[in-house]
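Secondary and tertiary structure notes
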Amino acid sequence: MSERNGIFAGDDPFVIAARWLAEAEKTEPNDPNAIALATVDPDGMPNARMVLLKDIEADSFVFYTNYHSAKAQELDAAGKAAFVMHWKSLRRQIRVRGTITKEDGPLADEYYASRSLKSRLGAWASRQSEPLSSRAALMAEVAKVTAKLGSNPPRPEFWGGYRLMPVEIEFWADGAFRLHDRFRWRRDPSEQKWNVQRLNP
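Residues numbered from 1 in each chain as written. Predicted model: local features only at pLDDT ≥ 70, side-chain atom pairs only at ≥ 80, totals over all residues. Heavy atoms only, no water.

Regarding the overall build of the protein
Counted only if it meets this: Secondary structure elements are defined from DSSP: runs of H or I of at least 4 residues count as helices, runs of E of at least 2 residues count as strands, and each element is numbered from the N terminus. Type-normalised accessible area, obtained with a 1.4 Å probe on protein chains alone, sets the label of each residue: buried when under 20%, exposed when over 50%, and partly exposed for intermediate values. Here, two residues are considered to be in contact whenever any of their heavy atoms come within 4.5 Å of each other. Each accessible area is a Shrake-Rupley result for a 1.4 Å probe, and residues are judged covered by the shown protein chains and nothing else. Positive residues here are Lys and Arg, negative ones are Asp and Glu, while His and the chain termini are left out of the count. Here the site of a charge means NZ on Lys, CZ on Arg, CG on Asp, or CD on Glu.
When you go through the protein residue by residue, the secondary structure sums to five helices and eight strands. Listing the helices and strands of the protein from first to last along the sequence gives α-β-β-β-α-β-β-α-α-α-β-β-β. In terms of its C-alpha atoms, the protein occupies a principal-axis envelope of roughly 60 × 35 × 30 Å. When burial is assessed residue by residue, the protein has 41% of its 201 residues classed as buried. Excluding contacts between residues fewer than 6 apart, the proportion of contacts in the protein whose partners are at least 24 apart in sequence is 61%. Working note: accessible area of the protein is about 11,500 Å², and carbon and sulfur atoms make up 51% of it. Charge centroids of the protein, computed over 29 positive and 27 negative side chains, lie 4 Å from each other.

Some words on the nonpolar core
Rules: By nonpolar core we mean a set of buried residues, namely Ala, Val, Leu, Ile, Met, Phe, Trp, Tyr and Cys, connected to one another through side-chain atoms within 4.5 Å.
Of all hydrophobic cores here, the largest spans 34 residues; its most connected members are Phe61, Phe83, Trp87, Ile94, Ile169 and Phe171. It is helix α1 (residues 13–27) that provides the largest number of residues to this core, a total of six residues. Aside from chain neighbours lying at most four places away, what touches phenylalanine 83 is Ile35, Ala36, Leu37, Phe61, Ile94, Arg95, Val96 and Leu164. One finds Val62, Tyr112, Ala123 and Phe158 within the second-largest nonpolar core, a separate group that totals eight residues.

Structural notes on helix α5 (residues 135–149)
In an α-helix, one turn spans 3.6 residues; hence positions three or four apart end up facing the same way. Rule in force here: Take the number of residues in a helix, subtract one, and multiply by 1.5 Å to get its expected span.
Taking 1.5 Å per residue as the helical rise, α5 with its 15 residues ought to reach 21 Å, and the 21 Å between its terminal C-alpha atoms agrees with that figure. Glycine 150 lies just past α5 and shows a positive phi near 70 degrees.

Some details on the pairing of strand β6 (residues 159–173)
What counts, and what does not: Note on pairing: DSSP must find at least two bridges between two strands before they are called paired.
Burial within β6 is extensive, with 13 of its 15 residues counted as buried. Bridge count for strand β3 (residues 61–66) against β6 is six bridges, and the pairing is antiparallel. Among the inter-strand pairings, asparagine 66 is bridged to a residue of β6, identified as tryptophan 159. Across twelve bridges, strand β5 (residues 92–103) lies against β6 in antiparallel orientation. Its bridge partner lying in β6, glutamate 103 is registered against glycine 161. Across six bridges, the pairing between β6 and strand β7 (residues 181–186) is antiparallel.

Concerning unusual backbone geometry
Here the phi dihedral of aspartate 31 falls at roughly 45 degrees; this positive angle occurs in a residue that is not glycine. Structurally, the position occupied by aspartate 31 is in the loop between α1 and β1 (34–40).

A closer look at the packing of aromatic side chains
Basically, it comes down to this: Planes of paired rings set the category: under 30 degrees apart is stacked, over 60 is edge-to-face and the rest tilted, where pairs are Phe, Tyr or Trp rings (Trp by its six-membered ring) whose centres lie within 6.5 Å. Two limits define a charge over a ring: the Lys NZ or Arg CZ must be within 6 Å of the ring centre, and within 35 degrees of the ring normal.
Under the criterion given, the structure shown has 16 aromatic pairs. For the ring pair tryptophan 185 and tryptophan 194, a centre distance of 6.3 Å and an interplane angle of 75 degrees mean the geometry is edge-to-face. Per residue, the accessibility class of tryptophan 185 equals that of tryptophan 194, and both read buried. Taken together, Phe8, Phe14, Trp20, Phe61, Phe83, Trp87, Phe171, Phe183, Trp185 and Trp194 form an aromatic cluster joined through their ring pairs. Between the NZ or CZ atom of lysine 102 and the centre of the ring of tyrosine 67, over which it lies, the distance is 4.2 Å.

What about the pattern of salt bridges?
Rules: Note on definitions: salt bridges are taken to be side-chain nitrogens of Lys or Arg within 4 Å of carboxyl oxygens of Asp or Glu.
In this structure the tally under the stated criterion is 13 salt bridges. Salt-bridge contacts for arginine 49 lead to glutamate 74; the nearest nitrogen and oxygen are separated by 3.5 Å. A residue pair is termed long-range when its members are at least 10 positions apart, and arginine 49 in strand β2 (residues 46–56) and glutamate 74 in helix α2 (residues 70–78) qualify at 25 residues. Residue classification places glutamate 74 among the buried positions, given a relative accessible area of 8%. In the salt-bridge network here, residues are joined through shared partners; they are Glu57, Glu103 and Arg163.

Laid out in structure tokens, this is it:
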């Protein structure tokens, strides 16, 4: 598609996404890797929350969470999700939809080990999404797990990653008079070839 040039140029959407994220890391004041992750509960009620995207792989996007959290339960039940990554400084966004699998192996161990000690201990202490009586109760739990696990806590079995393998990726950039540029990459999960279309704003 000769018209798809400049910031949209390239034959691999994951390379384009990584390039946009690298640009955003230079301009966004906070968390350029933040994504609004959308899931659906068993009743079909949608849910959305901000999480941090931790890796763009050759064919997927990876993030981490507590497997007992509401988002994890919805991810496991539906096996699919969507997210949008928006950068105000660049006036661009990426929308992604696809299927979900767990990342519960060495990569999850490696990422967990790279976090600060307080964050690792916090993962043990927090019963994510469950009711909490007070912040004092949470800090007491942090103190308790710190005393028990010390300075090198292992990754909890209830904490790890998810990999979203897209069937659709859309790159969006702001245009004058709200005539935005949009390119949608779409493919069947069983195929490698992407179909790229320009969309109306």
